[in-house]
Amino acid sequence: MINRLGDSQKEEVREDYIIKSFTAGLLPWIDHYGYLVTRVVEENDFFTVRKSPLHIMQESLLHYGHDLDGAIKAAKQALGNIHMPPVKVCDNTYWFPIYSKEKEHNIWLSSNHGNYSIAKNRKETNLHIGNHIITLELSKRAYDSKLSKARTLEKIHHQRFQELYEDALPETEAQIIKEYQHPYYRYTQFHQEPNNKKRERQKMVFLKY
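Residues numbered from 1 in each chain as written. Predicted model: local features only at pLDDT ≥ 70, side-chain atom pairs only at ≥ 80, totals over all residues. Heavy atoms only, no water.

A. Molecular detail of the overall build of the protein chain. Helix and strand counts for the protein chain come out as 3 helices and 14 strands. Scored against the burial criterion, the 209 residues of the protein chain give a buried share of 38%. In the protein chain, once contacts between residues fewer than 6 apart in sequence are set aside, the share between residues at least 24 apart is 45%. Summing over all exposed atoms, the protein chain offers an accessible surface of approximately 13200 Å²; the carbon and sulfur share of this is 49%. (Helix = DSSP H or I, 4+ residues; strand = E, 2+ residues; numbered from the N terminus. Buried < 20%, exposed > 50% of the residue type's maximum accessible area, 1.4 Å probe, protein only. Contact = heavy atoms within 4.5 Å. Areas by Shrake-Rupley, 256 points an atom, 1.4 Å probe, with all protein chains shown as cover.)

B. A look at the sheet that holds strand 10 (residues 125-129). Read across the sheet, 3 strands follow the order 9-10-11 without closing on themselves; strand pairing throughout is antiparallel. Each edge of the open sheet carries a strand with a single partner, namely strand 9 (117-119) and strand 11 (132-136). Between one strand axis and the next, the sheet turns by 25 degrees as a mean value, whatever way the strands run. Here strand 9 runs beside strand 10; their pairing, made up of 3 bridges, is antiparallel. Along strand 10, the bridge assignment pairs S117 with L127. (Pairing = 2+ DSSP bridges. Axes fitted to C-alpha atoms, helices over the stretch in contact; angles between N-to-C directions.)

C. Main features of a nonpolar patch on the surface. Nonpolar side chains collect at one region of the surface, where F161, L164 and Y165 lie side by side and expose about 340 Å² of accessible area between them. Relative to the assigned elements, L164 resides in helix 3 (residues 140-167). (Patch = residues over 30% accessible without salt bridge, like charges linked within 9 Å, V, L, I, M, F, W, Y side chains within 5 Å. Salt bridge = Lys/Arg side-chain N within 4 Å of Asp/Glu carboxyl O.)

D. Representation of the environment of H105. With respect to the helices, strands and loops of the structure, H105 is situated in the loop between strand 7 (93-97) and strand 8 (108-110). When the C-alpha positions of H105 and P53 are compared, they lie 8.8 Å apart, and in sequence the two are 52 residues distant.

E. Expanded view of the pattern of salt bridges. If you walk through the whole model with that rule in mind, you get 7 salt bridges. We note a salt bridge from D144 to K140, for which the minimum N-O separation is 2.8 Å. Taken as a pair, D144 and K140 lie in helix 3 at a separation of 4 residues, close to a single helical turn. Counted as one network, the salt bridges with shared partners bring together D16, K51 and E59.

F. Region of the structure containing the confidence of the model for the protein chain. For the protein chain, per-residue confidence averages 84 on the pLDDT scale, and 81% of positions sit at 70 or higher. Low confidence marks residues 1-8, where pLDDT is under 50. Its contacts with residues over four positions away, or in another chain, come to 21 contacts. (pLDDT = per-residue confidence, 0-100.)

G. Representation of the environment of Q58 within the structure. Residue position: Q58 is located in helix 1 (residues 53-63). Taking C-alpha positions, Q58 is 5.9 Å from L68, a pair spaced 10 residues apart along the chain.

H. Main features of helix 2 (residues 68-79). Here helix 2 spans 16 Å end to end across 12 residues, near enough to the 16 Å set by a 1.5 Å rise per residue. The set of residues buried in helix 2 consists of L68, A71, I72, A75 and A78. An end-on view of helix 2 places all buried positions within 130 degrees of arc, on one side of the element. In helix 2, the exposed positions angled more than 90 degrees off the buried face are occupied by K73 and Q77. Its side-chain oxygen placed 3.5 Å from the backbone nitrogen of D69, D67 serves as the N-cap of helix 2. Looking one or two places after helix 2, you find G80, whose phi comes out positive at around 105 degrees. (Expected span 1.5 Å × (residues − 1). Arc of directions from axis to C-beta. Polar contact = N/O pair within 3.5 Å; in protein donor to acceptor, adjacent residues only side chain to side chain.)

I. Structural detail: helix 1. The complete set of buried residues in helix 1 reads P53, I56, M57, S60 and L61. Taken end-on, helix 1 shows its buried residues confined to a sector of 130 degrees, consistent with a single buried face. Phi for G65, located one or two positions after helix 1, is positive at around 105 degrees.

J. Region of the structure containing unusual backbone geometry. Within the chain, M84 stands out as a residue other than glycine whose phi angle is a positive 50 degrees. Considering the arrangement of structural elements, one finds M84 in the loop between helix 2 and strand 6 (87-90). When its relative accessible area of 22% is taken as the criterion, M84 is described as partly exposed. Its identity as a non-glycine residue notwithstanding, N92 has a phi of 60 degrees, on the positive side. With respect to the helices and strands, the residue N92 is situated in the loop between strand 6 and strand 7.

Structure (structure tokens):
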């Protein structure tokens, strides 16, 4: 559903916006000039941004170092080739679309603020965020499925980063077994014995000239 912002409503209007950890939702809105804008819902605030929800999502992803297509591909790599996958926006911040991104009435919601939802009827769900109630034209079961996929993606990424950190060896006294000096970097290979287990380690240092 596209809501129309009436002339009588006075609220803050912004030109730009980047998603933060406390951002809860991006809702499509039609202003009194007939333009598609976004009602941004935060934990305890809301305001209008003169851009579409998709535009805000794209700019936020670029701000944090990636893009929407890449975020979707990464999600599908982790979850499988699912339709309308959730995306990672930044650390510990995952979002999911309610409708297809190509549709004007697309809604984006943060999984960090999606816990309190109640079925209004068989086809609608009330989402409670702070002092806001957002009624979605979506069944409670379908909503829970979208939220679950976003939480699953977060768990998979968390596990992968944990494995990355666990694989890192502590810097201890070690014996160099191979070394190579290049005009632009220095390569060193050595072995060490953390926890009484012999392991080899390689190190590359890029030199500045």
